[in-house]
Amino acid sequence: MPAAEAILTVSHVSHSFGGFRAVDDCSFEIAAGSISALIGPNGAGKSTLVGLIGGAMRTQTGSIHFAGRNISRMSAFKVARLGLLRTYQVSREFAGLTVMENLLVPPPNQRGESLFNALFRPSLGRVQDRELADRAFEVLETFGLLALRDEYAGNLSGGEKRLLELARAVMAEPKFMLLDEPMAGINPALIARLDGHIRRLRDDHGITFLLVEHNLDVVERICDRVVVMAFGRTLAEGQMSELRENPEVVRAYLGGGLDERAAG
Amino acid sequence: MGLIIQSVGFGLVTASVLAVAAVGLTLQFGVTNYINFAYGTYLLLGGYLTWTLSAKAHLNFIVAALLACLLMGAIAVVIARTVMQHFVSRQAPLFYLLIVTFGLSLVISNVIEAIWGPGFQTYNIAVGSPLNLGPFSLTPNQLIIMGVAVAAMLAIHLMLTRTVLGKAMRAMSDNKDLAQVSGINTDQITMVTWFVTGCLAGLAGVALTVTTVSFGPASGSNFLFVIFAAVILGGIGKPYGAMLGALILGIITEVSAVLVSAAYKDDIAFVALIVVLLLRPQGLIASRGRA
Amino acid sequence: MDLILPYLATLVVFFFIYNIFTWGLNIQFGYAGVLDFTFITFVACGAYFAGVFALGPGSQQNGFEWILGLNLPFPIALLAGALAAGVLGILIGLIAINRLRSDYMAIVTLATGTVIYGLVSNFTPLFDGFDGLAGLSPPFAQALGLNSNQFTYLWVVVSGVVMVICWFIAQRILTSPLGRTMRAIREDQDAAETFGKDTIRVRLIAMSMGAVLAGVGGALLMGFIGAFSPAGWTSGETFVVWAALIVGGRGNNWGAVVGSFVVAVLINEATRYIPPVTADPTLIPTVRNMLIGATLILVLWVRPQGIIPETRRRFFQLPLRPGSPPVQEAESARG
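Just so you know, these numbers come straight off a predicted model, no measurement behind them. (Residues numbered from 1 in each chain as written. Chains lettered and ligands numbered in written order. Predicted model: local features only at pLDDT ≥ 70, side-chain atom pairs only at ≥ 80, totals over all residues.)

(A) Region of the structure containing the overall build of chain B. Helix and strand counts for chain B stand at eleven helices and four strands. The C-alpha radius of gyration of chain B comes to 19 Å, within 12% of the 19 Å expected for a compact globule of 291 residues. Overall size of chain B, expressed as C-alpha extent along the three principal axes, is 55 × 45 × 35 Å. Within chain B, buried positions represent 51% of all 291 residues. Pairs at least 24 residues apart make up 76% of the contacts formed inside chain B by residues separated by at least 6 positions. (Helix = DSSP H or I, 4+ residues; strand = E, 2+ residues; numbered from the N terminus. Rg over C-alpha atoms; globule rule 2.2 N^0.38 Å. Buried ≥ 20, exposed ≤ 12 C-beta atoms within 10 Å, placed from the backbone. Contact = placed C-beta atoms within 7 Å.)

Written out as structure tokens, the structure is:
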């Protein structure tokens, strides 16, 4: 089905902790420019897989390719430099930096980050900072965070921190965003705003999204394609409406069923 | 060759002292989730208390050592309750606790110096003539230390596997939040852990000060990082790993003292620590991650 | 007057040198969150290398021996000391800094410091073991024809000039994007990695730049005292710098100045001139050390951000586009 070419390819990936196989021969592809979701019951191996893709852990067997490069054994910052950006289940804002500074950290290739320039040519960093700050102002405005720009990120509310994470991610100019439960613990009004932002970023900036998400209504609303994981392997792929009819998927979500989970 | 085998015997003695200390440190770390940099001074304080009780108060040595261990347990609890708990309950960042224990080590070592003075102390215990046991030749004191250490390790093993307390400790070590929601009184277990590990520090301190000919206020500082090395070698927070780490390090350091030079004993332990950190930072015993 | 002025000048020299130390630790810990529990080792590295560059060759016949002994002018020796400390900072950093656990940094730095202390103390061919380096004639004094008091005043100027240079180094790093990235890594290393920051490299830069400042301060100490031995860099000295930074306010170089004045000058150096209690000569240093340890804990207890906390960077000066809320409004929005 993928019309566009795959930007992320996970092929035959397995990963064990001690004797426990968290990911077991898992394979799927994510099409460039899509908004996809990775769903599955607790313990399906989603978090492990996110860690493997993001470079937090090295892949034991199988391979992961991103934008034509094998990233299976790449460290996190190198994966990030290829344009793959992940977020975490809990907000990981730089608490002791202001909102504005949080946005100025991500941009790649900052000239002021070299020790030589910092010591001997500070104006280089200052000039670039001014450009970046102008962009950050725009981003903050679209995310409705401009009034908070000089507030310490640690003082923000839970929902504001989620918005900040997305705003901060935009500043990194990624090709691909891997969002680990972006909607966890935030109110429905904000969920609507967040999924609006995700769609806008895909449409305007061409960013591909992969969401690990429990809220299946959100998944159905914004995702083109869904990968279902259970017991460490890929169980099914397709559109959410098809998957709701798939008996195997329903069974994987033991007892409760898909709709109840979505409500919770 | 005989000398090397003999040094393995000494290695077992060193390993015994090290194991008691390392198990205490790693057990406390597993439960509280931060490293106690003042631990070396706990050891030293235990040694000094025993010395005072036996040499000054003229108590029977065994009684003095037991009392000192219990006192160290109590002191560890008091410090944890008054100082550490303040920061833990406010969810202070990890580095606060590390700096606080670091500062605590300076305070305690100077309290020791203020009370007992900067000079060296010696125990007035008969060394006894060495006994030949197979290839090893060890003094009765060394044998007693080994026996006590083995008994202590056995007691810890039984505590961890057979008692509710030990199971609660292991549960907290694995996942504190999960332990808490499972109905474990984590505050209480933490304090009991401080008591037990304080006692172990005291015991290790007694053993350390008895095995070294004389000891002074600075005696604990070098030993502290050998303890760290044993703990990291076995994997931080793992009591059985710490025992293994202690055994390996004890024998390596004593054998190398014969092969290279006794002056570089600590450096060998350090090299072992660095090699482990670079090659296998998670320790020899791999941890079971969560899915 | 003849007694008080040189005494005050000596305190000023120590104040200046401790400022440099505290800024160095601030770069390591205050900016980048590196728990360097052996800061004094870098000071010693700077002092020793400055010493063996400035001193003549040691000889076994005279009962003192050390490496090099190049008889070079003091400014070159100072640079050599700074460079050596910076290299040592990278070497220790390579072992201590990893992505696994932050407490490893503390353990490894502490262990490395202990081992280096043992090696330097026992291995006499390096820096003459426990006796240490001695006999460095006061730099510039002979050429300028200064007596010992005048030399002290000269050293106020020399260390003052060097201090100002160090201030610029520390401030330029702090206010640059590099400093911002260091602070981001301090807050959350993993998150910084996800933005493509090579956190180990950045922390190594912080480690070595902090060590360079330590080395510069150590070299100044060597030039001032003319001697340096293991008695001068016991692990307790590291606490002095830590306490100064925590008291003053980590992340803020002005705070570091206040802290180094309170801890290093008022508590540490000034009390050295209190006449010893005859019955117990070690009592005063012991009480002083207890005080420093207790201060460290107490400040984290009551005012963890220190006397002068890290300054909040505000972005008022940037051109606000039309339609953006005015600054005052932005301020009141959060109360």
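On we go from here.
(B) Representation of the interface of chain A and chain C. Across the boundary between the two partners, chain A contributes 39 residues, which contact 34 residues of chain C. Mapped by element, the contributors of at least two residues to the side of chain A that touches chain C are α2 (76–81), β6 (84–86), α3 (99–104), α4 (115–120) and α5 (122–142) of chain A. The dominant element in the side of chain A that touches chain C, judged by the number of residues it contributes, is α5 of chain A, at seven residues. Its residues placed into classes, the side of chain A that touches chain C shows 22 nonpolar, six polar and eleven charged. (Nonpolar A, V, L, I, M, F, W, Y, C, P; charged D, E, K, R; others polar.)

(C) Highlighting the sheet that holds strand β3 (residues 35–39) of chain A. Residues and elements named next belong to chain A. Pairing within the open sheet is mixed, and its six strands lie in the order β6-β7-β8-β3-β9-β10. Each end of this open sheet is capped by a strand with a single partner; those strands are β6 and β10 (233–238). Geometrically, the sheet is characterised by an average inter-axis angle of 20° between neighbouring strands, direction not taken into account. Sheet topology note: the strand β7 (residues 176–180)/strand β8 (residues 208–212) ladder contains five bridges and is parallel. Across the sheet, Leu178 pairs through a bridge with Leu210, a residue of β8. (Pairing = 2+ DSSP bridges. Axes fitted to C-alpha atoms, helices over the stretch in contact; angles between N-to-C directions.)

(D) Quick peek at the sheet that holds strand β4 (residues 61–66) of chain A. Residues and elements named next belong to chain A. Pairing is antiparallel in the open sheet, where four strands are placed in the order β2-β1-β4-β5. The strands lining the two open edges of the sheet, one partner per strand, are β2 (20–31) and β5 (69–70). As paired elements, strand β1 (residues 6–17) and β2 share eight bridges and run antiparallel to each other. Residue pairing in the sheet places Ala6 in a bridge with Ala31 of β2. In this fold helix α1 (residues 46–54) packs onto β1, β2 and β4, with an angle of close to 60° to the strand it touches most, β2.

(E) Quick look at the packing of helix α1 (residues 4–31) of chain C against helix α7 (residues 148–175) of chain C. Residues and elements named next belong to chain C. Running from N to C, α1 and α7 point in directions that differ by 20°, and their axes come no closer than 9 Å. Taken together, the axes of α1 and α7 lie roughly parallel to each other. Taken as a pair, α1 and α7 cross one another with a handedness that is left-handed. Counted by class, the contact of α1 with α7 contains 18 nonpolar, seven polar and no charged residues. (Parallel < 35°, antiparallel > 145°, perpendicular 65-115°, else oblique. Left-handed = near helix turned anticlockwise from the far one by under 90°.)

(F) Helix α5 (residues 140–162) of chain B, seen in detail. All names here are of chain B. Between its first and last C-alpha, α5 extends 32 Å over 23 residues, near the 33 Å set by a 1.5 Å rise per residue. Of all the residues in α5, the buried ones are Gln142, Ile145, Ala149, Ala152, Met153 and Ile156. Here the buried face of α5 lies against α1 (2–32), β3 (136–138), α8 (186–211) and α10 (239–259). (Expected span 1.5 Å × (residues − 1).)

(G) Molecular detail of the nonpolar core. Ranked by internal contacts, the top residues of the largest apolar core, which has 289 residues, are Ala19 and Ile227 of chain B. A per-element tally of this core places helix α10 (residues 199–225) of chain C first, with 16 residues. Not counting residues up to four positions away in its chain, the partners in contact with Ile227 of chain B are Leu18, Ala21, Ala22, Leu25 and Tyr39 of chain B. (Core = buried A, V, L, I, M, F, W, Y, C linked by C-beta atoms within 7 Å.)

(H) Structural detail: the environment of Ile112 of chain B. Residue and element names in this part refer to chain B. For Ile112, the location among the structural elements is in helix α4 (residues 94–116). The exposure class assigned to Ile112 is buried, which follows from the 23 C-beta atoms found within 10 Å. Placed 21 residues apart in sequence, Ile112 and Leu133 show a C-alpha to C-alpha distance of 38 Å. Sequence-distant contacts of Ile112, defined by excluding residues within four places in its chain, comprise Leu44, Leu45, Tyr48 and Pro217.

(I) A look at the confidence of the model for chain C. Residue and element names in this part refer to chain C. Here chain C averages 87 in pLDDT, and 92% of its residues register 70 or above. When mean pLDDT is compared element by element in chain C, α10 scores highest at 96, while helix α14 (residues 327–332) scores lowest at 36. Low pLDDT, under 50, characterises residues 317–335; the stretch is placed with 16 contacts to residues that sit more than four places away or in other chains. (pLDDT = per-residue confidence, 0-100.)

(J) View of the environment of Leu194 of chain A. All names here are of chain A. Along the polypeptide, Leu194 turns up in helix α7 (residues 188–205). On the basis of neighbour count, Leu194 is assigned to the buried category, with 21 C-beta atoms found within 10 Å. Through-space distance from the C-alpha of Leu194 to that of Met183 is 8.0 Å; in sequence the pair is eleven residues apart. Contacts of Leu194, omitting those with residues within four sequence positions, involve Arg162, Leu166, Pro182 and Met183.

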